[in-house]
Structures are given as structure tokens and as C-alpha cells.
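One-letter residues, chain by chain:
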Amino acid sequence: MTAMIALVDDDRNILTSVSIALQSEGFGVRLYTDGEAALKALVETPADLAVLDIKMPRMDGMELLRRLREKTAMPVIFLTSKDDELDEALGLAMGADDYIAKPFSQRLLIARIRAILRRTENRAGPLGTSEEQAAERIVRGRLEMDPARHRVTWNGHDVTLTVTEFMILEALAQRPGFVKNRDQLMTAAYQDDVYVDDRTIDSHIKRLRRKFRQVDPAFKGIETLYGVGYRFSED
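Residues numbered from 1 in each chain as written. Predicted model: local features only at pLDDT ≥ 70, side-chain atom pairs only at ≥ 80, totals over all residues. Heavy atoms only, no water.

(A) The overall build of the protein, seen in detail. Secondary structure assignment for the protein yields 9 helices and 11 strands. Contacts spanning at least 24 positions in sequence make up 59% of the contacts within the protein whose residues lie at least 6 apart. (Helix = DSSP H or I, 4+ residues; strand = E, 2+ residues; numbered from the N terminus. Contact = heavy atoms within 4.5 Å.)

(B) Representation of the sheet that holds strand S4 (residues 76–80) within the structure. In space, the 5 strands of this open sheet follow the order S2-S1-S3-S4-S5, with parallel pairing throughout. If you trace the sheet from one side to the other, it starts and ends with strand S2 (28–32) and strand S5 (98–101), each paired once. Averaged over all pairs of adjacent strands, the angle between strand axes in this sheet comes to 20 degrees, irrespective of strand direction. With 4 bridges connecting them, strand S3 (residues 49–53) and S4 associate as parallel partners. The residue bridging Ala50 from the neighbouring strand is Val76, located in S4. Of the strands in this sheet, strand S1 (4–8), S3 and S4 are in contact with helix H3 (residues 61–69), which crosses S4 at around 170 degrees. (Pairing = 2+ DSSP bridges. Axes fitted to C-alpha atoms, helices over the stretch in contact; angles between N-to-C directions.)

(C) The arrangement of empty space enclosed by the protein in detail. According to the stated counting rule, one finds 2 cavities of 30 Å³ or more in the structure shown. Counted as a void, the largest cavity has a volume near 50 Å³. For the largest cavity, the full set of lining residues is Leu7, Val8, Asp9, Ile14, Leu15, Val18, Val51, Leu79, Phe104 and Leu109. When the residues that make up the lining of the largest cavity are grouped by side-chain class, the tally is 9 nonpolar, no polar and 1 charged. (1 Å grid on protein atoms, 1.4 Å probe; cavity = no way out; pocket = protein on both sides within 12 Å on 5 of 7 lines; lining within 4 Å. Points joined across faces, edges and corners; volume = space filled by probe spheres on them. Nonpolar A, V, L, I, M, F, W, Y, C, P; charged D, E, K, R; others polar.)

Here you go:
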């Protein structure tokens, strides 16, 4: 089945060139030149993944992402201004799965789209028997993770995570108490040799903590070992 990619950017040259590249790779493409039009369409009919520019008229990419996250966990890649670290940090904090700085390589964008879609498809694959599903679930104290349904609960409360957040948490929860350094978490969340820097992993960890603290203000399940990495604690 053809994956549908939503491109949201007020630069028509980017829309045209990227859409041609994506279609040549076999993707379906939906184009939007402003955030308001994209929000209405994507809430009614979500795409498989959205690529959003941050700086747009009427509704910028940050606000569009915030409002999309109220309705859907659709994977999102942000297009940011070159060297704009604030844009990147805010985008990740608000729920983006990845970011690419302009000007960007179309080959890199397509590689990252494929990597995120592959992770999404793995999470949404065919369900096995009830026994197989139960065996795949991860239960660590108050944390329960169901990869087959992409569902996470803490103390019985649902916690909505993006694909990247889920995979980072899963890597930590598989071996409670054991430290995972940033390189190991990058490998777990960003396969296919897609490069991300340390700050990206740190931003995802901060966002994970924030989401769990929304259901439990005392959450301390993800610990930082400064200079070493992170670990999950069942206590």
C-alpha cells in the first residue's frame, strides 16, 4: 500500500521539488501551503507522515504540530532554518519525530521518511495470538508497554508517545537498572544509519519525562547518569 506524505510549506518551489522526488520513490503526496488548511485536512484524513515547515503564515509549524498532537500521533518531520537550535529543540519538545535543517538534501529527507515509516509499520504489523501479544508486552513496575498496539500506560493511565519516543523508552525498559548511552539509544530509535546528534536524544528524554509527569508529577522512572547515559528504574 502506498504511503501518503503530507508536505506543508509556504515555499512552492520546495513543495514542487520535494513532491516530485517523493512521487518518483513511489510515495503519494498531499500538498498544503499554510498550516490552517493542513490542520483541517489532516485531522479529517491523517497522512502516514507529515513534513512541516516551521515558519509559515496564518499558522506556523509549531502551532500546527501542537494542534495535530491533540488529535493524532501521526509521525512528523520538521523543516527548520539552518543552525536554528531553538526551532529544533522546541519542535522535538512538542512531539516532532525528527528535524532537518534547510537547505537540505532530498536524499536525506527520503531516507529519514523511510526510516520513520518502517518503525511505524513495525509497530502496526499484524497481531499474533493473545499469548504472543502478552509475551511481547513489557511490564516494569507501574509501566506497561504493548508494542503491537503502540500503547503505553503508567499506573493505569495512558501516555501518548511518538514512534521515536516509544522506541527510546522500550530500549531503556528492556533492561531496568542498566545504563544505555546516547549511541545505544540512537541505534534503537534511528536505524538505517540516519545520523542524529546527542542533543536530539536529550530532547526526546526530556519530552518523555514531561509526558509521564503529566499523569504522575512524581515520575522518576528515567534517570540521568551524567557523562554516561540514561537508565530506567522500576522503583
